[in-house]
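# Breakdown of the fold
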Amino acid sequence: MRILLYNPDNGVTRNFMPHLWMFLLQALTPPGHEVVLIDGNAQPMDEESIARFVREKNIGLVGIGAMTRMIAKAYRMADAIRAVGVPVVMGGPHVTEMADEALGRDGGSRHADAVALGEADETWPRIVEDAARGTLKDVYTPVDDFGQERKPSLQPYPGIPWDKIKLDQFNLLPGVLHPLLKRVGAGWGTFRIIPVESGRGCPYGCEFCTVTGFFGDSIRFRTNESVVNELLLLKARAREEGGQIAVFFIDDNFAINVKRTKSLLRDIIAANAQVHWVAQISANLLRDEELVDLIAAAGGKWIFIGMESIDPTNLADVKKGFNKPGEYAVVLDRLARRNVFAITSFIFGMDNDTPGVAERTLKEIRTWPPGLPIFGLMTPLPATPLYKRLEAAGRLTRPKHWQEFIPFAMAHTPLKMSIDEAHNEVRIGWANSYSPEAIEKAVDSLNNKPLGYRINILIARLCFRGIYFPQMGRFAWLKTILENRRTIFKLIKQGYGGGLHAATPAVATQQVTEQRH
């Protein structure tokens, strides 16, 4: 049987990394079946084109994974596939919480022949075999012998054959940037960000987050050896192709067990398995100087930090009081001294936010080392404590906001500002952080660093700009390049003048914020 695993586009930007679930399920598929992968962010498709694809390629089963922001597109694509007689199984955080919606049991249309609830590591092989026999069940749930939900162990971990997987669709580099990148050194025909996990689960239980509900609060880890071998495989592939690969550790909190993380980083260093990587780590865990030393030595280049707010009251309200805004600057300076920089995520529209929150936040950001600030709105995702609280209070304005996805639009009424005011605060945050002037200032602030660090921040800022400002097409990218030509030409001039001791750009992606918000 030929199987298609499809990930719908995120509805905003193509600056992305592929989702790990596709590669993981491909590795877990029983022998005798062929698996095809399509990520809609890399290969845009509409309903007609995917229906034609499954017919022409004789696809026998389609698996679709989607988070809440992608679910409307996922449903439309599933409907088109089922209309030509091909069964669809859906999974992921949204479907796990809204299985009746996907199965049409809530009074709406049915979109899936089957749903996989929770982590599908154990259920996927059974789904494939049932589909091959024509005996798909409606619901697949990972349970133990006593009927209790079971979280899969990550030991042993399925080997993903990164040396053999076709990754052509995942080259992130716009062609217009090639001349500049060639000045950094050889091997810039491709640049890919590859998702890798070293563990799952988070004990913190932040009110707005889906992670604890989906992966649980029990932390499970792969062996150090397993992670190191995967990094070595990716490093070898990049070397053989003459390309560049960076890794995004998609663990919900890469350093949640600091002792274990230090052990892993030491093993990466000892095995010479360093690749440039990005990871999500909460600010409170970055107080540890030895941990930060090891992050830098093991190849860490960017750390995603969910700061959320500079207001302690907001943080306490959403059960994230372990974040201490007074520590933010110290943490970022600690990273920057090791040439590790931060992706800092903020949420506007929280209950204690008032008009002007963007400028108050920007004032703090301007005192920090250059990084990648990103701004979003408080979003009540289904089944989270936040959703339940707002629903009970009658504050939801669009209770099923996912059925009509509107990027950067609130679905509830904030307490101390209007919805329109919250939207404007997000606009101010992005406009002030990603204007040509702001990008030039961020690049120039690293003039004491080798050229590669300045190229790094330039490319990252240009890509992250696309999270909010549309630049999905060639002409939009060309416009962006032209707007920033002063900075680009300055770096090209510096490159031809020497100083090419460069750091590889490691550009993280919007998928992280999708998982969190």
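Conventions used here
Residues numbered from 1 in each chain as written. Predicted model: local features only at pLDDT ≥ 70, side-chain atom pairs only at ≥ 80, totals over all residues. Heavy atoms only, no water. Patch = residues over 30% accessible without salt bridge, like charges linked within 9 Å, V, L, I, M, F, W, Y side chains within 5 Å. Areas by Shrake-Rupley, 256 points an atom, 1.4 Å probe, with all protein chains shown as cover. Salt bridge = Lys/Arg side-chain N within 4 Å of Asp/Glu carboxyl O. Buried < 20%, exposed > 50% of the residue type's maximum accessible area, 1.4 Å probe, protein only. Helix = DSSP H or I, 4+ residues; strand = E, 2+ residues; numbered from the N terminus. Pairing = 2+ DSSP bridges. Right-handed = clockwise from strand over helix to strand, strands pointing away. Axes fitted to C-alpha atoms, helices over the stretch in contact; angles between N-to-C directions. Parallel < 35°, antiparallel > 145°, perpendicular 65-115°, else oblique. Left-handed = near helix turned anticlockwise from the far one by under 90°. Contact = heavy atoms within 4.5 Å. Disulfide = S-S within 2.5 Å. Arc of directions from axis to C-beta.

Right, let's get into a nonpolar patch on the surface. A surface patch of nonpolar side chains, amounting to about 340 Å² of accessible area, comprises Phe 475, Leu 478 and Leu 482. On the accessibility criterion, Phe 475 (70% relative accessible area) is exposed.

Okay, the pattern of salt bridges next. What the rule picks out here adds up to 39 salt bridges. Close ionic contact of Arg 82 with Asp 113 constitutes a salt bridge, the shortest N to O distance being 3.0 Å. Linking Arg 82 in helix α3 (residues 71–83) with Asp 113 in the loop between α5 (99–103) and β5 (114–116), this pair joins segments that are 31 residues apart in sequence. You can call Arg 82 partly exposed: its relative accessible area is 26%. The closest approach of N and O atoms between Arg 465 and Glu 483, which form a salt bridge, is 3.5 Å. In this pair, Arg 465 is assigned in helix α18 (residues 451–468) and Glu 483 in helix α19 (residues 474–483), connecting sequence segments 18 residues apart.

Next up on the list: the pairing of strand β13 (residues 341–348). Burial analysis of β13 places eight of its eight residues in the buried class, which makes it a mostly covered element. Here β13 shows a buried face lined by Phe 341, Ile 343, Ser 345 and Ile 347 and a second buried face lined by Ala 342, Thr 344, Phe 346 and Phe 348. As defined by bridge partners, strand β12 (residues 300–308) adjoins β13 across six bridges and the pair is classed as parallel. By the bridge assignment, Glu 308 is partnered in β13 with Phe 346. Inspection of the sheet shows β13 paired to strand β14 (residues 372–377) by six bridges, in the parallel sense. Note that in β14 the partner of Ile 347 across the bridge is Gly 376. Following the chain from β13 across helix α14 (residues 357–365) to the adjacent parallel β14, one finds a crossover that is right-handed.

Pairing is parallel in the open sheet, where six strands are placed in the order β7-β10-β11-β12-β13-β14. Only two strands of the sheet have a single partner each, and these edge strands are β7 (191–196) and β14. Ignoring which end each strand starts from, the neighbouring axes of this sheet average 20° apart. With four bridges connecting them, strand β11 (residues 277–280) and β12 associate as parallel partners.

Turning our attention to the packing of helix α16 (residues 419–433) against α18. The contact between α16 and α18 brings their axes to 10 Å, and the two run at 160°. Put simply, α16 runs roughly antiparallel to α18. For the element pair α16 and α18, the recorded crossing hand is left-handed. Contacts between α16 and α18 involve Val 426, Arg 427, Trp 430 and Ser 433 on the former and, on the latter, Arg 461, Phe 464, Ile 467 and Tyr 468.

If you walk across this open sheet you meet the six strands as β2-β1-β3-β4-β5-β6, and the pairing is parallel. Each edge of the open sheet carries a strand with a single partner, namely β2 (34–39) and β6 (139–140). With two bridges connecting them, β5 and β6 associate as parallel partners. Directly across from Ala 116, in β6, lies its bridge partner Tyr 140. Along the sheet, α3 contacts β1 (2–7), β3 (61–65) and β4 (88–91); its crossing angle with β4, the most-contacted strand, is approximately 165°.

What follows concerns the state of the cysteines. Scanning the model with the defined rule gives zero disulfides in all. With no disulfide of its own, Cys 206 lies closest to Cys 209 among cysteine sulfurs, the gap being 6.2 Å.

Quick look at helix α6 (residues 123–133) now. Regarding α6, the residues found buried are Thr 123, Trp 124, Ile 127, Val 128, Asp 130 and Ala 131. For α6, the arc enclosing every buried residue in end-on projection is 165°, short of the 170-degree limit, so these residues lie on one face. Each element contacted by the buried residues of α6 is listed here: β1, α1 (20–28), β3, β4, β5 and β6. Remark: Gly 134 follows α6 within two positions and exhibits a positive phi of approximately 75°.

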